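Single-letter residue listing:
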Amino acid sequence: MKRFAALFTQLDQTTKTLVKVESLASYFSEVDDQDKLWTIAILSHRRPKRPVNSTMIKQWAAELSGVPFWLFEESYHVVGDLAETIALILPEPSSQSEEGLSYWIWFIKSMTQDGEEEKKAKMKQAWSCLSAVERFVFNKLLTGGFRMGVSQKLMTRALAKSTGLDENVLAHRLMGNWTPDTTTFADLILSEDPKEDDSRPYPFYLAYALEDAPGSLGNHSDWLAERKWDGIRGQIIIRNDELYVWSRGEELVTDKYPEYHEFKSILPHGTVIDGEILPFKEGKPLPFAQLQTRIGRKNLTKGILEKSPVIFKAYDLLEWEAKDTREWPLKKRRERLASIVKEFSSESLKISDEVVFSSWHELGIEQERSREYYSEGIMLKRLDSTYRSGRKKGDWWKWKVEPLTIDAVMIYAMRGHGRRANLYTDYTFAVWDGDQLVPFTKAYSGLTDAEIHEVDRYVKKNTIERFGPVRSVTPELVFEIAFEGINKSTRHKSGVALRFPRIKRWRKDKPKEEANTIADLLSLLDIYG
Amino acid sequence: MLLEFTDRGIYCPQAAIFIDPWKPVDKALITHGHADHSRWGHKHYLCTAAAAPVIKYRLGKVNLQTTGFGEIHTINGVKISFHPAGHIVGSAQIRLEYKGEVWVVSGDYKLEEDGLTETFESIKCHTFITESTFGLPIYEWRPQIEVFQEINNWWRQNQALRKTTILTGYALGKAQRIIQNLDDSIGKIYTHGAIENVNEILRQQNILLKDTIRVTAEIPKEEYIGNIVIATPSAVGSSWIKKFSPYSIGSASGWMNLRGARRRRSVDRGFVLSDHADWKGLNTAIDLCEAEQVYVTHGYTSIFSKWLNERGVSAGIVETQFEGELAEIGESTEKEEEV
Ligand SMILES: [Zn+2]
Ligand SMILES: [Zn+2]
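This structure is a prediction, so every number in the text was calculated from the model and none was measured.

> Looking at this structure, I do not really get the overall build of chain B. What am I missing?
Each helix and strand in chain B was counted, giving nine helices and 19 strands. Taking 2.2 N^0.38 as the reference for a compact globule, 339 residues should give roughly 20 Å; the C-alpha atoms of chain B span a radius of gyration of 20 Å, in line with that estimate. With respect to the principal axes defined by its C-alpha atoms, chain B has extents near 65 × 45 × 30 Å. Put simply, of all contacts in chain B between residues at least 6 apart along the chain, 59% involve residues at least 24 apart. Accessible area of chain B: about 13200 Å², with a carbon and sulfur share of 50%.

> It is not clear to me how the domain arrangement of chain B should be interpreted in this structure. Could you clarify?
Reports of interface size often rely on the accessible area that becomes lost once the parts have come together. Residues and elements named next belong to chain B. Here chain B is partitioned into domain 1 (4-138 + 275-336) and domain 2 (144-271). Relative to domain 2, the C-alpha centre of domain 1 lies at a distance of 29 Å. Counting residues at the interface gives 22 residues for domain 1 and 22 residues for domain 2. Of the roughly 1800 Å² buried between domain 1 and domain 2 on both sides combined, carbon and sulfur atoms contribute 61%. Taken together, domain 1 and domain 2 are joined by two salt bridges. Residue Arg177 pairs with Asp275 through a salt bridge whose shortest N-O separation is 2.5 Å. Put simply, the parts of the chain that give the side of domain 1 that touches domain 2 at least two residues each are helix H1 (52-59) and helix H9 (335-338).

> Help me out: how do you make sense of the coordination of the zinc ion (ligand 2) in this one?
Reference values for angles at a metal are 109.5 degrees in the four-donor tetrahedral case and 90 or 180 degrees in the six-donor octahedral case. Residue and element names in this part refer to chain B. Within the protein, the zinc ion (ligand 2) binds to Asp36 (OD), His37 (NE2), Asp108 (OD) and His298 (NE2); these donor distances fall in the range 2.1 to 2.8 Å. Positions of the donor residues of the zinc ion (ligand 2), expressed as sequence spacing, correspond to D-H-x70-D-x189-H. A gap of 3.5 Å separates the zinc ion (ligand 2) and the zinc ion (ligand 1), which Asp108 links by coordinating each metal. With Asp36 in the loop between strand S4 (27-29) and strand S5 (44-48) and Asp108 in the loop between strand S10 (101-105) and strand S11 (127-132), this residue pair connects regions lying 72 residues apart in the sequence. Assessed through its relative accessible area of 13%, Asp36 is described here as buried.

> I would appreciate a short explanation of the packing of aromatic side chains in the present structure.
Aromatic ring pairs: the centre-centre distance and the angle between the two ring planes describe each pair. Residues and elements named next belong to chain B. In this structure the tally under the stated criterion is 38 aromatic pairs over all chains. On the numbers, 6.0 Å between centres and 10 degrees between planes, the contact of Trp103 with Tyr295 is stacked. Here the residue Trp103 occupies a position in strand S10, and Tyr295 occupies one in strand S18 (residues 293-299), the gap between them amounting to 192 residues. Comparing Trp103 with Tyr295, the two get one shared label, buried.

> Please clarify how the domain arrangement of chain A should be interpreted in this entry.
If you check the domain split of chain A, you get domain 1 (2-143), domain 2 (205-400) and domain 3 (404-528). A straight line from the C-alpha centre of domain 1 of chain A to that of domain 2 of chain A covers 39 Å.

> Could you clarify how one ought to interpret the packing of H1 of chain B against helix H4 (residues 193-204) of chain B in this entry?
Relative placement of two packed helices is described by the angle separating their axes and the distance separating the axes. Residue and element names in this part refer to chain B. Between H1 and H4, the shortest axis-to-axis distance is 9 Å and the interhelical angle comes to 135 degrees. When the axes of H1 and H4 are compared, the pair comes out oblique. Both H1 and H4 take part in a crossing whose hand is right-handed. Residues Pro53, Val54 and Tyr57 of H1 touch H4, and the partners they reach there are Asn197, Val198 and Ile201. Partitioning the contact of H1 with H4 into residue classes produces five nonpolar, one polar and no charged.

> I'm lost on the confidence of the model for chain B in this one. Help?
Reading fine detail from the predicted coordinates is not recommended where pLDDT is low. Residues and elements named next belong to chain B. Within chain B, residue pLDDT values average 90, and 94% of them lie at 70 or more. The low-confidence segment residues 320-339 (pLDDT under 50) makes 65 contacts with residues lying over four places distant or belonging to another chain. For this predicted complex, the interface confidence score (ipTM) comes to 0.91, while the overall pTM stands at 0.73.

> Would you explain the sheet that holds strand S19 (residues 314-317) of chain B in this entry?
Pairing between sheet strands relies on hydrogen bonds along the backbone, with the strands arranged either parallel or antiparallel. Residue and element names in this part refer to chain B. The sheet built from seven strands is open, its strands ordered S7-S8-S9-S10-S11-S18-S19 with mixed pairing. With one partner strand each, in any of the chains shown, strand S7 (73-75) and S19 form the two edges of the open sheet. Here the strands of the sheet are splayed against their neighbours by 25 degrees on average, with no regard to which way each runs. Bridge analysis of S10 against S11 gives three bridges, and the strand direction is parallel. From the neighbouring strand, Val105 faces S11, where its bridge partner is Ile129.

> Please explain the pattern of salt bridges as it appears in this structure.
Where charged atoms from two side chains of opposite charge come close, those side chains can pair. All names here are of chain A. Counted according to the given criterion, the structure contains 51 salt bridges over all chains. Linking Arg227 and Glu366 is a salt bridge whose minimum nitrogen-to-oxygen distance equals 2.5 Å. One end of the pair, Arg227, is in strand S3 (residues 223-229); the other, Glu366, is in helix H17 (residues 360-368), and 139 residues separate them in sequence. Salt-bridge contacts for Glu335 lead to Lys331; the nearest nitrogen and oxygen are separated by 3.3 Å. A residue pair is termed a helical-turn pair when its members lie 3 or 4 positions apart in one helix, as Glu335 and Lys331 do in helix H16 (residues 330-343) at four residues. Exposure remark for Lys331: the relative accessible area of 46% places this residue in the partly exposed category. Salt bridges here are not isolated pairs; linked through shared partners, they connect Asp407, Glu480, Lys504, Arg505, Arg507, Asp509 and Lys510.

> Explain empty space enclosed by the protein here, please?
Sizing a probe to match a water molecule and rolling it over the atoms shows the empty space that remains. Residue and element names in this part refer to chain A. If you walk through the whole model with that rule in mind, you get five cavities of 30 Å³ or more. Of the pockets and cavities examined, the largest cavity occupies roughly 300 Å³. Together, 17 residues line the largest cavity, and Asp230, Tyr374, Glu484, Gly485 and Tyr528 are the ones closest to its centre. For the lining of the largest cavity, the secondary-structure elements that each account for two or more residues are strand S12 (375-382) and strand S21 (485-488). Here the lining of the largest cavity takes three residues from S21, the largest share from any one element. Looking at side-chain class alone, the lining of the largest cavity contains eight nonpolar, four polar and five charged residues. In this structure, the lining of the largest cavity is formed jointly by two domains, domain 2 (205-400) and domain 3 (404-528), each of which donates at least three residues.

> I'm lost on helix H6 (residues 279-289) of chain B in this one. Help?
Structurally, the α-helix is built with 3.6 residues per turn, so residues lying three or four positions apart point the same way. Listed as buried for H6 of chain B are Trp279, Gly281, Leu282, Asn283, Ala285, Ile286 and Cys289 of chain B. In the core, the buried residues of H6 of chain B are packed alongside helix H5 (69-79) of chain A together with S11, S18 and helix H7 (301-310) of chain B. Where H6 of chain B ends, the next residue or the one after it, Glu290 of chain B, has phi of about 55 degrees, a positive value.

> Help me understand helix H14 (residues 288-295) of chain A, please; the structure alone is not making it clear to me.
Those residues of H14 of chain A that sit buried are Phe288, Leu291 and Arg294 of chain A. The arc that holds the buried residues of H14 of chain A, viewed along the axis, is 120 degrees, so those residues lie on one side.

> I'm lost on the sheet that holds strand S14 (residues 396-400) of chain A in this one. Help?
All names here are of chain A. The four strands lie next to each other as S2-S14-S12-S3, forming an open sheet whose pairing is mixed. In this open sheet, the two edge strands, each paired with only one partner strand, are strand S2 (208-209) and S3. By the bridge criterion, two bridges tie S2 to S14 in an arrangement that is parallel. What sits directly across from Ala209, in S14, is Lys398.

> Can you walk me through the nonpolar core in this structure?
Across soluble globular proteins, nonpolar side chains show a tendency to be buried alongside one another. Grouped together as the largest cluster of nonpolar side chains are 99 residues, with contacts concentrated most on Phe138 of chain A together with Tyr139 of chain B. Dropping the residues within four chain positions of it, Phe138 of chain A is found in contact with Met1, Trp104, Phe107, Ile108, Met123, Ala126, Trp127 and Leu130 of chain A. Residues Tyr424, Val431, Ala443 and Phe483 of chain A belong to the second largest nonpolar core, which totals 31 residues.

> Explain the state of the cysteines here, please?
A complete count under the given rule lists zero disulfides over all chains for this structure. Between Cys125 of chain B, a cysteine without a disulfide, and Cys289 of chain B, which holds the nearest cysteine sulfur, the sulfur-to-sulfur distance is 4.0 Å.

> Explanation requested: the packing of helix H1 (residues 2-12) of chain A against helix H9 (residues 132-143) of chain A in the structure shown.
Residues and elements named next belong to chain A. Taken N-terminus to C-terminus, the directions of H1 and H9 make an angle of 90 degrees; their axes are 9 Å apart at the nearest point. In terms of axis orientation, H1 runs roughly perpendicular to H9. The segment H1 lies against H9, with Lys2, Phe4, Ala5, Phe8 and Thr9 engaging Val133, Glu134, Phe136 and Val137. Here the residues of the contact of H1 with H9 sort into six nonpolar, one polar and two charged.

The rules behind the values
- Residues numbered from 1 in each chain as written.
- Chains lettered and ligands numbered in written order.
- Predicted model: local features only at pLDDT ≥ 70, side-chain atom pairs only at ≥ 80, totals over all residues.
- Heavy atoms only, no water.
- Helix = DSSP H or I, 4+ residues; strand = E, 2+ residues; numbered from the N terminus.
- Rg over C-alpha atoms; globule rule 2.2 N^0.38 Å.
- Contact = heavy atoms within 4.5 Å.
- Areas by Shrake-Rupley, 256 points an atom, 1.4 Å probe, with all protein chains shown as cover.
- Domains from an automatic or database assignment.
- Buried area = accessible area lost by both parts, 1.4 Å probe.
- Salt bridge = Lys/Arg side-chain N within 4 Å of Asp/Glu carboxyl O.
- Donors = N, O, S within 2.8 Å, 3.2 Å for Na, K, Ca; no water.
- Buried < 20%, exposed > 50% of the residue type's maximum accessible area, 1.4 Å probe, protein only.
- Phe/Tyr/Trp six-rings, centres within 6.5 Å; stacked < 30°, edge-to-face > 60°.
- Axes fitted to C-alpha atoms, helices over the stretch in contact; angles between N-to-C directions.
- Parallel < 35°, antiparallel > 145°, perpendicular 65-115°, else oblique.
- Left-handed = near helix turned anticlockwise from the far one by under 90°.
- Nonpolar A, V, L, I, M, F, W, Y, C, P; charged D, E, K, R; others polar.
- pLDDT = per-residue confidence, 0-100.
- Pairing = 2+ DSSP bridges.
- 1 Å grid on protein atoms, 1.4 Å probe; cavity = no way out; pocket = protein on both sides within 12 Å on 5 of 7 lines; lining within 4 Å.
- Points joined across faces, edges and corners; volume = space filled by probe spheres on them.
- Arc of directions from axis to C-beta.
- Core = buried A, V, L, I, M, F, W, Y, C linked by side-chain atoms within 4.5 Å.
- Disulfide = S-S within 2.5 Å.

The structure is reproduced here in structure tokens:
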């Protein structure tokens, strides 16, 4: 684990891409194949199953540290991260371990079968022979949610550097439904003729956000415009009469979308389509939240399928007649895609229509109407471009609509984490319902450090009541809250739930009486919900 | 009670004297020169001779009397003496004794010897008023020799890459502790003006600091390459540091113990180095002084006092409405510079 922990430290200490790739590449050239494979797996979100829940881990860590449970919880609140809290609070290790990453992954996996007492004994064994950083890494592997600050793309680049293989070839080989238990480093990465794997998708091409006016892209007739749909980016693969559905997180999600199952009898062998898994009913898209309700479910009941059906909005054609078409210019790919969708018609397969425009100005008007189409904005794609992999600047741009906003009054504040544990940084906001204030959203970030300190002082001086880390405050401060969407919600008192709420600015110019009302919020729900 | 907690600070009615008061008073005992302990506007100040020059420099013309460590001053029957707190040069715990009852006010303190500061001395007392800046079990410092090994290695690496090393620490205390423990065989030590001003004061009081060079506009940029610049925390992200490019920047502070804090500081390296006691240090100090009653101030007061009570040490929070609210605000503003 020492080498992997050292890698983690190196990655954690820099924000520079070049340095990260450098560190990873030299790590790959040093460790054995099994450790390489597990590192690739972890960096591509293939984690071992979590064998213990947080309550158990917390209790064992507190016990081993000789700290009462409440004090552990208080510390956890300050640190804000369970794996880190445990790493910091445990006593110095009594021995060392020379075992590598794979051993410890095996160790974690071995716990799945164990009873509680055995699990506890194993955790204590691990904690007492790992150093603070090793423990942190181990805890992260154990509890999941491990971010190493390295995208799959950077990892692929580093791997290319250490193996001498082409980056795109590697990106392709890394995709698919493998785990370190079902393959080896040699088979997955080094084998020149990898086993036929029909399910293997192409790497997605991702768009950059357009910061300047679209005029900066040059001649408008070089560009294709379409709506930016608010679903999950996906890839449909038909090979040898089988269907594979991939989501952008590179997960195989075929079983989650029975609506698509008819594609395998409709579309011919060797067809791969890039598009959006979009909740859609009665001729129009549904809010993203509708899709979310079915993502987490193990069993898709009839009721759910009726309430939140999906279609596939096709953007692009990546393979046709079993040949890679990504080198074709977009214009050609789109034309072929349109004719395929038409010829092999299915209720669940629709093309993402082009937005026709004859000037950037005209497109601007269309862009402002995005919400009428239940879309997030406009996508711009260069007509003569090939289909690239990953996020590369230049050919694809997303031009998002301005967020919705509402002016609201702060009524609760909560303490932050870590260095900010003494500062009130997270707030709850309310709008007027007659002379009552109804809370409707939490929001944080978006304020400058100076403003956070100012709000913090206000909170401390104007506390009405305390509930643990939360304080209710005299309603006085007004903030403009920006959000991407609004939906009906039965779980919230206000009856609405916002998508990506954040503080846009502090409205020092507005007295609290002039904040928006629940009626304003509901009218936004009527228009956009 | 020998000491009371008022809205101006800790007060001894028998001697009519305050300790580190935050509002103007007639007579003030000052533990040390940091801004949250020595404030402007009191009529009379008493502090250690070693702490005085910096306090004079910071506050200008004040009516200040000094004392040696251990010297006893009797005011209306109260015996007052100052004892090393190990926090920064001249910093003191203040002992007050009246009719056999002994109270000690810790001020800020640390137990580890740092090579510069007078070593912390444990004072037996009936009542101990302790700080609790790092009063959580997640704060445990490694011996400074290890931390400085890390710092010196980082400096060497940067030098090999032909970069300037910039390390930040607050100007009074941390900066000098860093300077004193750097391996100056690696290169030259440059200092930010605010730090060099303090260095000059300390040298005048015969403290042997390693050689440092004040950063000035006249020094050609190339001179800094491979050397180290000690700067104040406010330098991070300022235009002042641009001239040292290419550089690697680090921060030395107790808060660097947390990953989130390291990342938010947007420095390349965070070194865990504090002039305050860690969790073990606080607990050791309390055990050693054998106090029957402890009051906790300045930090994680409620958590730390609850912990002490569970351990069988009777503990309370230094609680006035003023302290309760404003100390928290102090935490979020002044601590930035000081810890
Ligand atoms: Zn201090
Ligand atoms: Zn202090």
